[in-house]
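Chains, contacts and geometry: an overview
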Amino acid sequence: MRAAVADRTPVRRLTILYDAECSLCAFLRDWLVRQPQLVPLELVAAGSEAARQRFPGLDHSATLDDITVVGDAGQVYRSTAAWIVTLWALREHRPLAHRLSTPSGAKLAKGAVLAAAKWRGAQWRGAQWGGQVYRRTDGWSYDPRTGWTYNAPGCGSGSCVTP
């Protein structure tokens, strides 16, 4: 969608794609649903089948790495812009969203987004893991007694090759 068209299109509903396996993201999801909303918010797990069906044109692996918000007319907001538009949708936080949308406010908003990303990354580094996140939807499961195990999706017979 051209930027000029998106700028003139009103936003009547927002869908927030969030990482359902991230404790910070789940906390923020729960906080968002309790807030009075000027623009209705729908929260959908990023990378889920529901997200893939609703937004087939999105890079769904990228939505797991960074908050993505989709407007009802196809507007896509990522990272700092996604946080600002989410705050804009909330009755009590719209004035803050307007302040964060200024050049000086955007620096503060970017710092908050980077801090959240650093916190998420530290959750894995604390466990000595430096790679990507293991996800249940990819076939990984965790048991505190035995650690991580991999069962490829759709490979119930055990005949699939593990990575």
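Here the structure is shown first, and the text comes after it.
Residues numbered from 1 in each chain as written. Predicted model: local features only at pLDDT ≥ 70, side-chain atom pairs only at ≥ 80, totals over all residues. Heavy atoms only, no water.

**Remarks on the overall build of the protein**
To keep it simple, the criterion reads: A run of H or I in DSSP becomes a helix once it reaches four residues, and a run of E becomes a strand once it reaches two; helices and strands are each numbered from the N terminus. Accessible area is worked out with a 1.4 Å probe on protein chains only. A residue is then buried under 20% of its type maximum, exposed over 50%, and partly exposed in between. Whether two residues are in contact is decided by their heavy atoms, any of which lying within 4.5 Å being enough. Residue exposure ignores everything except the shown protein chains as possible cover, and the areas themselves are Shrake-Rupley values with a 1.4 Å probe.
Scanning the protein from terminus to terminus reveals seven helices and six strands. Counting across all 163 residues of the protein, residues that qualify as buried make up 31%. Counted over contacts in the protein with a minimum sequence separation of 6, partners at least 24 positions apart contribute 57%. Element-wise, carbon and sulfur atoms account for 56% of the exposed surface of the protein, whose accessible area totals about 10,200 Å².

**Quick notes on the pairing of strand E1 (residues 14–18)**
Applicable threshold: Between any two strands, pairing holds if DSSP finds at least two bridges.
E1 sits mainly inside the fold: five of its five residues count as buried. Burial of E1 is two-sided: the residues Leu14, Ile16 and Tyr18 facing one way and the residues Thr15 and Leu17 facing the other way are all buried. Pairing geometry for E1 and strand E2 (residues 41–45), over five bridges, is parallel. From the neighbouring strand, Leu17 faces E2, where its bridge partner is Val44.

**Structural notes on the packing of aromatic side chains**
Quick note on the threshold: Pairing of aromatic rings covers Phe, Tyr and the six-membered ring of Trp, with a centre-to-centre limit of 6.5 Å; geometry is then stacked below 30 degrees between planes, edge-to-face above 60, and tilted otherwise. By definition here, charges over rings are those cases where NZ of Lys or CZ of Arg is within 6 Å of the ring centre and within 35 degrees of the ring normal.
Counted under the stated rule, the structure contains zero aromatic pairs. In this arrangement the basic side chain of Arg94 is found over the ring face of Trp88, its NZ or CZ atom lying 4.1 Å from the centre.

**Topic: the sheet that holds E2**
Threshold: With axes taken as lines fitted to C-alpha atoms, and helix axes fitted only over the stretch in contact, angles between N-to-C directions fall between 0 and 180 degrees.
Within the open sheet, the four strands sit side by side as E2-E1-E3-E4. Their pairing is mixed. Each edge of the open sheet carries a strand with a single partner, namely E2 and strand E4 (76–78). Strand-to-strand twist across the sheet, computed as the mean angle between neighbouring axes with direction ignored, equals 20 degrees. Sitting on the sheet, helix H2 (residues 23–34) touches E1 and E2, and the angle it makes with E2 is about 155 degrees. Sheet strands in contact with helix H5 (residues 79–88) are E1, E2, strand E3 (68–71) and E4, and its direction is about 110 degrees off that of E4.

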